[in-house]
Structure formats: C-alpha cells, structure tokens
Amino acid sequence: MSIYRRTYYATAPDSMIGASNKQLRDRYLFTELFSADAINLDYSHVERMVVGGAAPVSKKVALPVQTEPASAAGKPFLERREMGVINVGGGKGAITVDGQRFDMAPKDGIYIAMGSAVVEFESADAANPAKFYIVSCAAHTRFETKHISIDKAVPLERGAPETSNERTIYQYVVPTTAVSCQLLLGLTILKTGSVWNTCPPHLHDRRSEVYFYFDLKDDQRVMHFMGEPEDMRHIVMAKDEAVMSPPWSIHMGSGTSNYAFIWAMAGENLDYTDMKVLDICQLK
C-alpha cells in the first residue's frame, strides 16, 4: 500500500491548451492536506517533490516508513530525502527527530536532514493545535538538521503600498541559514492592504516551485496565476492549499485580502536569484 494519497505527473506547456478548470485543478492543486491526528502526503514527478501536512491534535503522529519498491520497504521516509517543515497552525507544537526535540512556535521552521529515521510531530494544546506544512525532495548527502524561527530567517522587504504588494520575504532554508542539497524554503507575509505576490512574476528554468497559501479567512480566496507568460491561466485557491509551478510556468497571485504563503523550490541549484523577471506588460 502506498504512503502517498496520489501522484501528480509532470506536464508540458502544451498541456494547458484547452484544459478545463477541473483539469487544471487536478494537475496542479494540492487540497485537504491536513487531517486530525494524521499525516497526508502527495507525490509529484516534478523534481520528485512530496507535499503534505501533519496535524497532530490528541496524539503524536510520525512520518511513515517506505512501502515500495520492495528494496526500500521498511526503510525511513528520509533515507534519500531531505525535508522542510513550517508550523502554519495557531498553536505551539514540537518536532522530534531521532530523539532530539525541537519546539515549534507558529511560523517556526525546520530543515530535517537526509537519513533521519524517526520524525514525530505533536501539539502542545489540543484546543489550539499546531499544524505542520511539509515539503520534501530528493537528497544526495546528509547535512545538519536545523531549527529556524521566523526571527532567525533572513528578511527581505519588497513591494510598496502604491502597488498593493508590500510584503516581507523570510528566507528559512537558504545557504546562509540552513545548508541543503537542493531544497529552498521560505515564507512571505503580505502587509494589510496588499494583495499581490510575486508581481511582476518570473520564471526559473532550472527549478520548480510550490506555493502554499495560508493565514487567509475561510471566506476569502487567492487567484493564483500560472502558465506561459503569453497565455496565462488561473486557479482559485482557499487557505491551506498548495499549487505546483513547473519550470516553464509563471507564478503569482492576488487575494481578496492579505495573506501569507510558503514557497518551496527544488532543482538544479541553490541560487535564489536565478530567475528571469518578466515585464508586467508581457503578460497576456
């Protein structure tokens, strides 16, 4: 039995031609990531990324061991993977990695190294639980597991009120804070009155990226734009949903209120600035 709920397949730009709204959502959108006292994991062929959520409420939950192929059955999930996790819940929690406990306040992050065998998630208060967003990608060597609180992340101030995109980008897993094989991970928080992220958008041909939107009220939405610059499409997203952006696709969004989102990248290099920034007037 697979440890993954479903598999997302890699797509080419021409897969957007004539695609229905349902087809776009089926191909790129990750939903229902959190279930009480469980871990949900989805597998993508894009950079072999795994996207998921751990939602401990009344008990600890642990990463599963591999079930396939037969040669890997019973071995740790992170045998040949690394992982980034951020607490996106309202309450405090903890993550224990091979017996070492890391307290996780809201918006705290952690890089978990390849080869870690037992990874457990817990909440401090069942009435106000933690909620852990998970991204994992393939790794080739072991680095140091490292806790990164939001005040230790690298902050970048971007945008302005006049363009409705004033925001702070917090870099959690980048070479200056936590060394990884290929994972880059961070959190962006939009200021009140700002709704646009990553505008103007960009492309990075050597990396793929997943956006996870949160800190959004139940009755609010984000319009996430994707596709090639000259032939854009959009997906309407609610809180606690993630979306895959292949290397050929732009990625930017506009909300009906301000929000936060987590960006995670994997690919050929760890150069955060390796991107092709587009002119907003190029978009169609």
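To be clear, the structure that these remarks concern was listed above.
The structure reproduced in this document is the subject of the present report.

1. Some points on the overall build of the protein chain
When helices and strands are counted, the protein chain shows 1 helix and 24 strands. The globule rule puts the C-alpha radius of gyration for 284 residues at 19 Å, and the 18 Å found for the protein chain is close to it. When the backbone C-alpha atoms are referred to their principal axes, the protein chain occupies close to 50 × 40 × 35 Å. Across the protein chain, every contact between residues at least 6 apart in sequence was considered, and the portion connecting residues at least 24 apart equals 70%. Total accessible area on the protein chain stands at roughly 12,300 Å², and carbon and sulfur atoms take up 51% of it. The positive charge centre, built from 29 side chains, and the negative charge centre, built from 34, are 2 Å apart in the protein chain.

2. Structural notes on the sheet that holds strand E10 (residues 119–123)
In spatial order, the strands read E5-E10-E7-E8; together these 4 strands make up an open sheet with antiparallel pairing. Among the strands making up the open sheet, the edge pair consists of strand E5 (61–62) and strand E8 (100–104). As paired elements, strand E7 (residues 93–97) and E10 share 5 bridges and run antiparallel to each other. Its bridge partner being in E10, Ala94 is matched across the sheet by Glu122.

3. Some words on the sheet that holds strand E23 (residues 260–267)
In space, the 7 strands of this open sheet follow the order E2-E21-E18-E23-E15-E14-E13, with antiparallel pairing throughout. Two strands in the sheet have a free side with no partner beyond their single neighbour: strand E2 (29–30) and strand E13 (154–158). By the bridge criterion, 6 bridges tie strand E14 (residues 167–173) to strand E15 (residues 184–190) in an arrangement that is antiparallel. Following the sheet pairing, Thr168 is matched in E15 by Ile189.

4. Regarding the nonpolar core
Proteins that are soluble and globular tend to have nonpolar side chains buried together. Among the nonpolar cores identified, the biggest contains 33 residues, and Tyr133, Phe212 and Ile262 are the most heavily contacted of them. Where this core is concerned, the elements lending two or more residues are strand E11 (132–138), E14, E15, strand E18 (207–214), strand E21 (241–245) and E23. Among the elements that make up this core, the one with the highest residue count is E23 (4 residues). Apart from the residues within four sequence positions on either side, Tyr133 is in contact with Leu33, Phe34, Val51, Gly52, Gly84, Val85, Ile86, Val88, Val210, Phe212, Ala242 and Ile262.

5. Description of the packing of aromatic side chains
In total, this model carries 13 aromatic pairs according to the counting rule given. Here the aromatic rings of Trp196 and Phe225 are separated by 6.0 Å at their centres, their planes lie at 15°, and the arrangement is stacked. Residue Trp196 is located in strand E16 (residues 196–197), and its partner Phe225 is located in strand E19 (residues 222–228); the two are separated by 29 residues in the primary sequence. Relative accessible area serves as the criterion here: at 27%, Trp196 is assigned to the partly exposed category. Each residue in the set Phe34, Tyr133, Phe212 and Phe214 is aromatic and connected to the rest through ring pairs, giving one cluster. The ring of Tyr8 carries the charged tip of Arg6 above its face, separated from the ring centre by 3.7 Å. One cation-aromatic arrangement involves Lys131 over Phe34; the distance from NZ or CZ to the ring centre is 5.2 Å.

Procedures and definitions
Residues numbered from 1 in each chain as written. Predicted model: local features only at pLDDT ≥ 70, side-chain atom pairs only at ≥ 80, totals over all residues. Heavy atoms only, no water. Helix = DSSP H or I, 4+ residues; strand = E, 2+ residues; numbered from the N terminus. Rg over C-alpha atoms; globule rule 2.2 N^0.38 Å. Contact = heavy atoms within 4.5 Å. Areas by Shrake-Rupley, 256 points an atom, 1.4 Å probe, with all protein chains shown as cover. Lys, Arg positive; Asp, Glu negative; His and termini not counted. Charge placed at Lys NZ, Arg CZ, Asp CG, Glu CD. Pairing = 2+ DSSP bridges. Core = buried A, V, L, I, M, F, W, Y, C linked by side-chain atoms within 4.5 Å. Buried < 20%, exposed > 50% of the residue type's maximum accessible area, 1.4 Å probe, protein only. Phe/Tyr/Trp six-rings, centres within 6.5 Å; stacked < 30°, edge-to-face > 60°. Lys NZ or Arg CZ within 6 Å of the ring centre and 35° of its normal.

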